[in-house]
Amino acid sequence: MKSYQKLTTAVPQPAACWVEEEGASPAPTRCGKLAPWWVGSGLLVAAVLLSTITVWVLRQVSGGWPGPALPPKCLLVPEDHRFDCYPEHRVVVTQELCESRGCCFIQTPPPAGGKRGVPWCFYPPDFPSYTLESLNQTALGMVGLLVRREKAYYPRDIEMLRLDVEFETNTRLHIKITDAANPRFEVPLKVPRAMKRAENPIYSLDFSRDPFGVLLRRRATGTVLLNTTVAPLIFADQFLQIATSLPSKFLYGLGEHRGTLLHSLDWSTLTLWARDVSPTESFNLYGAHPFYLLMEEGGDAHGVFLLNSNAMEVALQPAPALTWRTIGGVLDFYIFLGPDPNMVIQQYQQVIGFPAMPPLWALGFHLCRWGYGSSNETWQTVRAMRNYQIPQDAQWNDIDYMDGYRDFTFDPQKFASLPSLVEDLHKHRQHYVMILDPGISSTNPHGSYWPFDEGLKRGLFLNTTQGQPLIGQVWPGFTAFADFSNPDTHQWWLENLQHFHAHVPFDGLWIDMNEPSNFMDGSEEGCPPGELDSPPYTPAVLGDSLSAKTVCASAKQKVSVHYNLHNLYGLMEARATASALIQIRGKRPFVISRSTFPSQGQYSGHWLGDNRSQWKDMYYSIPGLLSFSLFGIPLVGADICGFSGSTSEELCTRWMQLGAFYPFARNHNTQNEKAQDPTVFSPAARTAMKDVLLTRYSLLPFLYTLFHRAHLQGDTVARPLFFEFPQDVATLGLDRQFLWGQSLLVTPVLEPGVDSVTGYFPQGVWYDFYTGSSVDSSGEMLKMSAPLDHLNLHIREGAILPTQKPATTSEVTRGNPLRLIVALSSRATAWGDLFWDDGESLDTFERGSYSYLVFSVTQNIFTSIVLHTSTEATEVTIGTVSIFGVQQPPTKVLLNGQEKPFSYLKNQVLTVSDLGLSLSQGFSLRWL
C-alpha cells in the first residue's frame, strides 16, 4: 500500500498504519495521518484553495462576511468535498451553532428552488475521529478496536468500538462496527455465515489508523471503491454516521423513492423511513432499502448494503461522495464486488435471500378498484371482461368488501354474493385476491369481534410505554396494531385467515397500510416525552417527526421497540401472511405488500403505491420497477392507468401497453372516479388493450422462466439496459425503456398526442417482435412508428424466446402449443431456455417436479435438449419454430432428419409449423 499524503501544509510525523492484503500477514507500514477527503486530489485542492482565498479576500474587502478571518484549514476544503457537520433539517445554521461543534463555517449562495446546496457548516480536515488501536487476525478476517478520545457533539458517544472484518467470499466483504462493550439492536435477518476465509478475493482492503478509515480497492483495476477517511466516523447511541468517496457518479438504489433510476449527486438527501404517502419526489415512501449499486468507469459494478433498520438518511454530494446517517443499531456493511451489475444483484440476494417462485396465475392480468360498491358489481366487471374475451387471471377487492372496514369480515348486504363470485372465478380458472390491513378495530362490543378480543387476550398488539395496547386510527376507526415480531401473532393471523377462508376461499392476499399507517400522529394520546419519540437527531422524514402518520417510536413490540422495528413492519407481516397462505391452501403463496424491506422478495411482491392518473406517473413507474429489481423483489408493478384522479382513454391505452410488461400487472382505481377497466373504453382502445394483454400471455413461458432464474440464482426479471450493456455509457441513465431478461426490449410511449417513439438500441441486431424484421444498430437512438394500438417490442440477437398461443387465463394458455422464436445473432447462433412445472405447487424445483429445456442454434441447426423432465411436459406440444435473420432462402428443412414444409419471407423469417412435438422430447431442426 502506498503512503497517503496529508493534504494540509503541515505534515505531522507518520503514525503506524495496519495494512491488510488478502493472503498476506498484516504488517505495519508508514502511513501519514490521513486528511479526511478523497486521496490524491492535491492539484484540485491547490487550485480550489487559490480561487477560494481570492474570492474570500474580495468578499472581505467588500464587507461580504463579518467576523474573524477563517482558518486556512477551512479554506482548503473544496466545495464538493465539504461534508455536512450540521445536517439538522429545518435549522438555519449560524456561525455560532457551527463552531460550537468544532466545524468550519463558510456561507455559499443557496441553490434555486429551496434545495439543499453546499453545506455552510462542514468538517475541518483535523476533526477528531476514531483511532484504530489494534487489529488482529481471525479465521475469517480481522477484529479491531476503535477508540475515540475526544467526544463528538451528539449525546452518549460510544468511546470504544469493535471492528469485525470477514472476507466471506471472493466477491463479498463484510465489515461490521458496533459497541465494543454493550449489545445493541441488530436486524433479526437470517444471513449466511461464512465457513472459511475467501482464498482469492477480487478486492484489497487497507486501513488508516488515525483517523480510522477503510480503503477498499478492486484488484483488477485499482479503482478505490470505498474511502471512509473523507469525513469523521461518528458513533453515538442515537447518531451513527460514516461517509465515503465514490468512484463515479452512476449510483442507483436506496429506496423507496420516486425519481429517476440514476440518482442525482447534486447535494440530495434520501430518507429511509416507511411512510404512507402518495408517491412524490423527495419524500420518504413506503419501504426502506439501504442498498446501492454503483457503476464504475469501464463497466465494472459494485454494491453496498447497510443492514440497519433504523430511521436513516443517505446524503449524496458531487465529490462524488455519500454519507450514511442512521439513529440506531450498528454499522453492518456488506460489499458486493460483481464485477458486472447482474452479479452484484445476485450476490446481494445471496445475503438477503432469493425471491419466491410465484404461481403462474400471479403473472396474468389482475383487475381491481376501490368502489365497486358490491360483489354483484364486481361480478359484472368480471363477466364483461369474459364477454370481450380479454385476458384476466385475478379479480380483486379493496376495503369496500369489508363490514365496517374490519379485517376478516365482508359486508352482509352489499357483498352477500361474494362467496358465489369466488366460486364462479374458480370455475373459470380465475383467482380472487382481497385486501387486509394490520390495524384491527378496537371499538366493537366485547365478544362481537374475535380478531380484536383474541388478540387482546393473547397480548398480540403493539403496546404503549405503559403496557396498554397503542390505539391509533385507520379505516375502521380506532384500531390496535398487530405485532408481527411476535411468533404468536403469526398463529393468530393464520387462525383469522382460516376462519375467513372457510366462507370466502381467497387465493392471494394484498397487505396494505403496513408502514404501519395511522391517520393520527403516534396514537390517540400522542407520544410520551423521551429520546425514542424525540431523538437527538431526526432524519429528514416527511412530517419532521418519527411518529408522523404512524405509531409512536416508543411503542413496545415483542422483539424490541418500534423505534428499531418500524421499517421491518411490512416484512414481518408479509412473512406471517405467506406462511398462513401456505398452510391454508398448500400451494405457492401470492402476497402483494406496500411496505417492504430487504429479503421481502422471499415472501411477497410489491406495487408502487397510490399513484395518480398522470403521464409523469406512468413514466416514474419504470424507474420504480427497475429499482425493486435491484432490491430483490422482482414481482413488482404500478397501478395501471393510475389510482387517484381520472384517466383518459389515451393515457389508459398507453399505460395498459406499458403495464402489460410490468412483472406484476394490475389495473387499479380509486372510488368516485370513472371506471378504467378495459371494457369501458371505445372498441378501438379496448381492442388495443386486449391485444397487448394477449401479447403478454403469449410470453408467459418466457416470463415464468425468468422468474425461475430469479428464484434460483437472483437474476432480475425487468432489467435496466445498462445491466446487459455495462460498457455502453449511453445506457447508464436510461429509464424510459427496459428489458425482460437479457433479450426483450420494451419501448413504451410515455407522452400524449404522439404516434411515434424514440428509443435507444445498443449495438447489435434487434428484431421486431411481431414481424421479425431486423435493425442493425451501432448504438443509437431510433425513431419508431407508435400508433395508439402498437407497443414497440424488440428481441435482441442471439436469443430464443419460448412463447405460447395465448388464451384468456394463464391456466388455459399453458395447455396451448408453444411457438419458439429464434433471433439469430450476426454469427447465426442463438440460445434460450424454458422452465416448466404445474404452475402452483410448492418447491417444484427443489423436489425435482419440473422440466427444463435448453434451446440452441449453431450452423443452421436448431436443437432442443431436455435436461430434466416431469409429467407436466408430456401434456404440452411445440407447434411452431420461427427463426428471424435467416440470410438465405432455405431449399429444405429437416426435422430429426425428416423433410418438413416451411415458409420463408423476404424479411428473412423462416417458419416451420405443425410440428406437434412433445415438450418432453428433444429434437433437431436443420435448414439447408
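Quick note: structure is the one above.
All values reported here derive from a predicted model rather than from experimental measurement.

### A closer look at the sheet that holds strand β26 (residues 477–481)
With antiparallel pairing, three strands are arranged side by side in an open sheet as β24-β26-β25. With one partner strand each, in any of the chains shown, β24 (439–441) and β25 (472–474) form the two edges of the open sheet. Put simply, the sheet's adjacent strands are angled 60 degrees from each other on average, direction ignored.

### With respect to the pairing of β26
With four of five residues buried, β26 is to be regarded as a mostly interior element. With three bridges joining them, β24 and β26 adopt antiparallel strand pairing. Considered in β26, the bridge of Gly439 is made with Phe481. Alignment of β25 against β26, held across three bridges, turns out to be antiparallel. When the sheet's bridge partners are listed, Val474 is paired in β26 with Gly477. Between the end of β25 and the start of β26, which pair antiparallel, lie two residues.

### Some remarks on helix α4 (residues 341–352)
Structurally, the α-helix is built with 3.6 residues per turn, so residues lying three or four positions apart point the same way. Its twelve residues give α4 an end-to-end C-alpha distance of 17 Å, which sits within 8% of 16 Å, the value for a rise of 1.5 Å per residue. Across the twelve residues that make up α4, a large majority, ten, are buried. Within the span of α4, buried status applies to Pro341, Asn342, Val344, Ile345, Gln346, Gln347, Tyr348, Gln349, Val351 and Ile352. Backbone nitrogen of Asn342 and a side-chain oxygen of the N-cap are separated by 2.8 Å at the start of α4; the cap is Asp340. Positive backbone phi, approximately 110 degrees, marks Gly353, located one or two places after α4.

### Section: the pairing of strand β43 (residues 830–836)
Across the seven residues of β43, six count as buried, placing the element largely inside the fold. Where β43 and strand β44 (residues 851–858) come together, seven bridges link them in antiparallel fashion. Bridging across to β44, Ala830 finds its partner in Val857.

### A closer look at the state of the cysteines
For the coordinates displayed, the defined rule picks out five disulfides. Here Cys527 engages in a disulfide with Cys552; their sulfurs sit 2.1 Å apart. Disulfide Cys527 to Cys552: torsion about the S-S bond roughly -95 degrees, handedness left-handed. Pair noted here: Cys527 is in the loop between β27 (508–511) and α9 (562–565) and Cys552 is in the loop between β27 and α9, with a separation of 25 residues, a long-range link. Exposure remark for Cys552: the relative accessible area of 3% places this residue in the buried category. Here Cys641 connects covalently by a disulfide to Cys652, the sulfurs 2.0 Å from one another. Handedness here is read from the sign of the S-S torsion; for Cys641 and Cys652, about 85 degrees, the answer is right-handed. You can see Cys641 sitting in the loop between β31 (639–640) and α12 (649–659) and its partner Cys652 sitting in helix α12, a full eleven residues away along the chain. The burial state of Cys641 is the same as that of Cys652; both residues are buried.

### Quick word on the sheet that holds strand β17 (residues 301–306)
Read from one edge of the open sheet, eight strands run β5-β6-β7-β8-β20-β17-β16-β14, paired in antiparallel fashion. Among the strands making up the open sheet, the edge pair consists of β5 (130–137) and β14 (250–255). Sheet twist, expressed as the mean angle between neighbouring strand axes with direction ignored, is 15 degrees. Sheet topology places β17 next to strand β20 (residues 331–336); four bridges connect them, and they run antiparallel. Along β20, the bridge assignment pairs Leu306 with Phe333.

### Let's talk about the packing of aromatic side chains
Under the definition given, this model contains 49 aromatic pairs. Members of the aromatic cluster, connected to one another through ring pairs, are Phe408, Phe452, Phe461, Phe484, Trp492, Trp493 and Tyr569. Sitting over the ring of Trp510, Arg666 keeps its end group 4.4 Å from the ring centre. In this structure, Arg686 is placed above the aromatic ring of Tyr388, and the distance from its NZ or CZ to the ring centre is 3.8 Å.

### Some words on a nonpolar patch on the surface
Taken together, Tyr405, Trp475 and Phe519 make up a surface patch of nonpolar side chains, about 250 Å² in accessible area. Counting through the fold element by element, Phe519 comes out in the loop between β27 and α9. Overall, Phe519 belongs to the partly exposed group, its relative accessible area being 35%.

Each value, and the rule that gives it
- Residues numbered from 1 in each chain as written.
- Predicted model: local features only at pLDDT ≥ 70, side-chain atom pairs only at ≥ 80, totals over all residues.
- Heavy atoms only, no water.
- Pairing = 2+ DSSP bridges.
- Helix = DSSP H or I, 4+ residues; strand = E, 2+ residues; numbered from the N terminus.
- Axes fitted to C-alpha atoms, helices over the stretch in contact; angles between N-to-C directions.
- Buried < 20%, exposed > 50% of the residue type's maximum accessible area, 1.4 Å probe, protein only.
- Expected span 1.5 Å × (residues − 1).
- Polar contact = N/O pair within 3.5 Å; in protein donor to acceptor, adjacent residues only side chain to side chain.
- Disulfide = S-S within 2.5 Å.
- Phe/Tyr/Trp six-rings, centres within 6.5 Å; stacked < 30°, edge-to-face > 60°.
- Lys NZ or Arg CZ within 6 Å of the ring centre and 35° of its normal.
- Patch = residues over 30% accessible without salt bridge, like charges linked within 9 Å, V, L, I, M, F, W, Y side chains within 5 Å.
- Areas by Shrake-Rupley, 256 points an atom, 1.4 Å probe, with all protein chains shown as cover.
- Salt bridge = Lys/Arg side-chain N within 4 Å of Asp/Glu carboxyl O.

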